Every structure is written in structure tokens, then in C-alpha cells.
Amino acid sequence: MLKLEGVEITEGDFRLTARFALHPGERVAVIGPSGAGKSTLLDVIAGFHAPRAGRVLWHDRDLTRVAPGQRPVSMLFQDNNLFPHLSVTRNLGLAMRPGGGRLTAADQARIDAALARVGLDGLGARRPGALSGGQQSRAALARVLVQDRPVMLLDEPFAALGPALKAGMLDLVAEVAGAAGALVVLVTHDPEDARRFAQRVVLVADGVAAAPVATERLFSDPPAALRAYLG
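The rules behind the values
- Residues numbered from 1 in each chain as written.
- Predicted model: local features only at pLDDT ≥ 70, side-chain atom pairs only at ≥ 80, totals over all residues.
- Heavy atoms only, no water.
- Pairing = 2+ DSSP bridges.
- Helix = DSSP H or I, 4+ residues; strand = E, 2+ residues; numbered from the N terminus.
- 1 Å grid on protein atoms, 1.4 Å probe; cavity = no way out; pocket = protein on both sides within 12 Å on 5 of 7 lines; lining within 4 Å.
- Points joined across faces, edges and corners; volume = space filled by probe spheres on them.
- Nonpolar A, V, L, I, M, F, W, Y, C, P; charged D, E, K, R; others polar.
- Core = buried A, V, L, I, M, F, W, Y, C linked by side-chain atoms within 4.5 Å.
- Buried < 20%, exposed > 50% of the residue type's maximum accessible area, 1.4 Å probe, protein only.
- Contact = heavy atoms within 4.5 Å.

Asks: What should I look at first to understand the pairing of strand β4 (residues 53–58) in this one?
Replies: Sheet faces and side chains relate simply in a regular strand, where the side chains alternate between the two faces. Where strand β1 (residues 2–11) lies against β4, 5 bridges are found, and the strand directions are antiparallel. When the sheet's bridge partners are listed, Lys3 is paired in β4 with Leu57. Between β4 and strand β5 (residues 61–62), which pair antiparallel in sequence order, lie 2 residues; one of them, His59, sits at a positive phi of approximately 50°.

Asks: Is there a simple way to think about the layout of surface pockets in this case?
Replies: Summary: where empty space remains is shown by rolling a probe the size of a single water molecule over the atoms. Space inside the largest pocket adds up to approximately 350 Å³. Considering the residues around the largest pocket, the lining is formed by 16 residues, among which Phe48, Asn81, Arg143, Gln147 and Arg149 are closest to the centre. Those elements that place two or more of their residues in the lining of the largest pocket are β6 (73–76), α2 (88–96) and α4 (133–147). Examining the composition of the lining of the largest pocket, we find that 3 residues originate from one element, β6, more than from any other. For the lining of the largest pocket, the class distribution of residues is 10 nonpolar, 4 polar and 2 charged. In this structure, the second largest pocket occupies an estimated 220 Å³ of space. Taken together, 14 residues form the lining of the second largest pocket, with Val144, Leu145, Asp148, Val176 and Ala180 sitting closest to its centre. Of all the elements in the fold, those that place two or more residues in the lining of the second largest pocket are α3 (105–117), α4 and α5 (163–180). Its residues assigned to classes, the lining of the second largest pocket comprises 9 nonpolar, 1 polar and 4 charged.

Asks: Before we go on, may I ask you to explain unusual backbone geometry in this structure?
Replies: In most cases, non-glycine residues show a negative phi, while peptide bonds are predominantly trans. Although it is not a glycine, Asp148 sits at a positive phi angle of roughly 50°. Residue Asp206 is not a glycine yet carries a positive backbone phi of 55°. Residue placement: Asp206 occurs in the loop between β9 (200–205) and β10 (208–209).

Asks: Help me understand the nonpolar core in this model?
Replies: Soluble globular proteins tend to bury their nonpolar side chains together. In this structure, Leu92, Leu141, Met152, Leu154, Phe158 and Val201 are the most contacted members of the largest nonpolar core, which totals 44 residues. Discounting residues that sit within four places of it in the chain, Met152 has contacts with Ser74, Leu141, Val144, Ala177, Ala182, Leu183, Val184 and Val185. With 30 residues, the next largest nonpolar core counts Ala36, Val66, Val73 and Met75 among its residues.

This is how it looks when you write it as C-alpha cells:
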């Protein structure tokens, strides 16, 4: 279980508090207005931003001061986090071996399996620029898969895709994460993304990341902050 215990995030005039728990294997969306702190919340879970107070725990292990690379967390960013000068295979290899080094046969087999899993079988030699936008998103997802970590954080990685491609990527994430038993936390501005993908939703607004609520229950009876966001 991922727990945020009395987490308080401050930066200048910005302040955000969070106190909730997320379960292994579930899909959670994080929504709210721009600037409310959705991405910052993910950064705290990933270890890129230290909270002013409180703790981040995974199965009761305190991660609060643990370096990002040592956490059981992988993260997919808006820009896909792919190096344009490297092949897709080398990009995935660096995710497995951040310090570089020669890939073993087992490493290569794992990379090939991840690419096949996301529909990119045989495309490992290509550079990201030779792929379509949808294929780049699939390669970035494969990069997360080879890290084989139980918590996947997605910071609007499919925002630049058209509606059909985005829906397909959300379905693919749900499928591969479900097979891996991973907890997935997806930041999105689009309530339809949350409805399609998430079992529960965390609303970030007015300085608070609220405890998650079942998706349909939240949207069928939205609190004032969500009504204001939806317009």
C-alpha cells in the first residue's frame, strides 16, 4: 500500500497537503485545475520533490528520504522521457541500467518482450524521431515496463495525442498494468480520461489533495471544487 501520511508541500506561496492511501493493483486518476499541484504530488511520490512535512510509505517502508532511483516507482512524463539520439532499444536499456554498460542476453529478451507487449515488435532499432506520436508513447510505456516496479506514475503522457489514440493508450496502460499488478496513478486534466481509466480519483484543489473517491460516485455527486473545475 502507498501511503501519504500528513504530507505537506510548500514552495513560496504554494501549499498542498495530502493524507490518503492507494492500493497495489488499482488505477487512480489525479484531477484538478492547472497549478493546483497535481504534478508536484507525483514528484513527491517519485522522490523528485521533498515534502516539508509528513511521510511517503510503500508497504510501511519510509520512502521520504529515499533517492528516486531507489524507490519502487517508475514515471512516465509528458515528453515521453526518450533520448532522441538513441535507439528505442538503447532507451529501454538505460532504464534498466542507468549507468550504462553492455546489455546481457537476458536484458535484450526483456526489452524485446516489453516492445512486443506494447505493439512495437521489431522496431527497437529505430530512433524516437522515426516513430509516430502514438508509437513514441508506446515506446515510453515499454521503458516503464522494463523497470518492473510496482508503482507507475503517469504525468499526462498522452495529452498531445488525438482522442482515439489517447483512449487506446489508456486502455493499453490498464491492460499491461493489470497484468503486472502495478498501482497506476495518472495525472489528467480531462475528466473523461478519469472515467475511462480510473477506479478512484484524487481531486487536487484549494491546497488539498483529497482522499480518493470511487470514480462514478465522485462525478455523479461532485463536491463544490470539482463542480467549479468542470464548469
